[in-house]
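Report on the structure
So you can see what is in the structure, the chains are spelled out below.
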Amino acid sequence: MPELTSGSAGTAAAEFRFHGRLHDFLAPGLRDAPIRRAVAPRQTVKDAIEALGVPHPEVERVTANGRPVGFGYRLRDGDEIAVYPAGPVPERPGPTGHGDAPRFVVDGHLGRLAAYLRALGFDTWYRIHAPDQELAQRAAADDRLLLTRDRGLLKRSIVRQGYCVRSDRPAEQLAEVVRRFRLVESARPFGRCLRCNGLLERIDAALVVDRLPPRVQHEQREFRHCPDCDGLYWKGSHYERMLRLLEASGAGLASRQQTSADRR
Ligand SMILES: [Zn+2]
């Protein structure tokens, strides 16, 4: 990626304006005014945007002098570039009315988030020591959304869809992802194995009674089994906590929508 320097007389330069949540990625001194940068010959708008710190999967739309352009657009002297964030994705109701649930690749440092997503039934690829190259390739090959806090990873060209997780707290990370991808409707709590991502199946209590702690035998009636790793699940305290997190994230979404509706 070419190094950008401040524009000066005789150098081709362009002006960049970033909107909304994309300010999260800019250095503090760059957030309030248009940013002027020299542009190298044949430099793409993707290069320039990422050199300023913004990974391209976070960007939904770019305009050059008011006209929409793709990431491969070659910058020209005097260009005015506006960069808009990817917003919450619209619900896509499918034949079942539940929409197509998104699938994820989750970076190794976000293990709790990966487990939460699986607990909510989302197909989530996760390996604790997966190298960046494998994460990017897996996301591209399977058409999965890549979740990471590593901006450099999101800048890789083969990553088409992804999200840079802002918080370092797992519950807040989940709330961010639920809001960003509107997951409340498509969540299926108790749907997947936290350990291996297998689809859980109902299993009769009588078949697993010898594997249950005595308290669970008395208190729980519904059990699910992972056919892939033989894991056994019931609706214990983790499940209740999961539902509260989902509810809180969904309530956050609803109140944000209300607030934006009020402003109109
Ligand atoms: Zn499993």
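Keep in mind that what you see is a predicted model, and the values were worked out from it rather than measured.

1. With respect to the overall build of the chain
- Within the chain one finds eight helices and 12 strands.
- Scored against the burial criterion, the 264 residues of the chain give a buried share of 30%.
- For the chain, long-range pairs separated by at least 24 residues make up 61% of all intrachain contacts whose partners lie at least 6 apart in sequence.

2. Structural notes on the sheet that holds strand S8 (residues 145-148)
- Judged by pairing direction, the sheet is parallel, and its four strands sit side by side in the order S7-S6-S8-S9 without closing on themselves. Whereas interior strands pair on both sides, the edge strands pair on one side only; in this sheet they are strand S7 (124-126) and strand S9 (162-164). In this sheet, neighbouring strand axes are inclined to one another by 20° on average, regardless of whether the strands run parallel or antiparallel.
- In the sheet, S8 pairs with S9 via three bridges, with the strands oriented parallel. Residue Leu146 lies in a different strand from S9, and its bridge partner there is Gly162.
- Across the sheet, helix H3 (residues 132-142) lies against strand S6 (104-106), S7, S8 and S9, angled at about 175° from S6, the strand it touches most.

3. Quick notes on helix H5 (residues 170-180)
- For H5, the full list of buried residues reads Gln173, Leu174, Ala175, Val177, Val178 and Arg180.
- Immediately beyond the C-terminal end of H5, within one or two residues, lies Arg182, with a positive phi of roughly 50°.

4. Let's talk about the nonpolar core
- Core analysis: the largest hydrophobic core is formed by 38 residues, its most contacted members being Val106, Leu113, Leu117, Leu120, Leu146 and Leu147.
- Residue assignment for this core shows that the elements contributing at least two residues are S6, helix H2 (111-119), H3, S8, helix H4 (151-154) and H5.
- Among the elements that make up this core, the one with the highest residue count is H2 (six residues).
- Core analysis: the second largest hydrophobic core is formed by 16 residues, Leu22, Val59, Val62 and Leu75 among them.

5. Thoughts on the sheet that holds strand S11 (residues 223-225)
- Strand order in the open sheet formed by three strands is S10-S11-S12, and the pairing between neighbours is antiparallel. Of all strands in the sheet, those with a lone pairing partner are strand S10 (201-203) and strand S12 (232-234), marking the two edges. The sheet shows a mean angle of 40° between the axes of neighbouring strands, direction not considered.
- Pairing geometry for S10 and S11, over three bridges, is antiparallel. Following the sheet pairing, Arg202 is matched in S11 by Arg224.

6. Quick notes on the environment of Leu117
- Residue position: Leu117 is located in helix H2.
- What makes Leu117 buried here is the crowd of 28 C-beta atoms within 10 Å.
- C-alpha separation for the pair Leu117 and Leu194, spaced 77 residues apart in sequence, amounts to 8.5 Å.
- With sequence-adjacent residues up to four places away left out, Leu117 is seen in contact with Phe104, Val106, Phe122 and Thr124.

7. Considerations on the environment of Arg221
- Here Arg221 is to be found in the loop between helix H7 (214-219) and S11.
- Distance from Arg221 to Ala205, taken between C-alpha atoms, is 6.9 Å for residues 16 residues apart in sequence.

8. A short note on unusual backbone geometry
- Residue Arg182 is not a glycine yet carries a positive backbone phi of 50°.
- Within the fold, Arg182 resides in the loop between H5 and S10.
- The phi angle at Asp230 is positive, at roughly 70°, despite the residue not being glycine.
- For Asp230, the location among the structural elements is in the loop between S11 and S12.

Calculation rules
- For every chain, the first residue of the written sequence is number 1, and numbering continues from 1 along that sequence.
- Per-residue local features of the predicted model are confined to residues with pLDDT of at least 70, and side-chain atom pairs are confined, for both listing and counting, to 80 or more; whole-chain, interface and lining totals are unaffected and use all residues.
- Secondary structure elements follow DSSP: runs of H or I of four or more residues count as helices, runs of E of two or more count as strands, with numbering from the N terminus.
- Here a residue counts as buried when 20 or more other C-beta atoms sit within 10 Å of its C-beta, as exposed when there are 12 or fewer, and as partly exposed otherwise, the C-beta atoms being derived from the backbone.
- C-beta atoms are first placed from the backbone for all residues, and any pair lying within 7 Å is then listed as a contact.
- Being paired, for any two strands, means DSSP has found at least two bridges between them.
- Working convention: axes come from line fits to C-alpha atoms, limited for helices to the stretch in contact. Angles between N-to-C directions cover 0 to 180 degrees.
- Note on terminology: a nonpolar core is a set of buried residues of type Ala, Val, Leu, Ile, Met, Phe, Trp, Tyr or Cys, with members joined through C-beta atoms within 7 Å.

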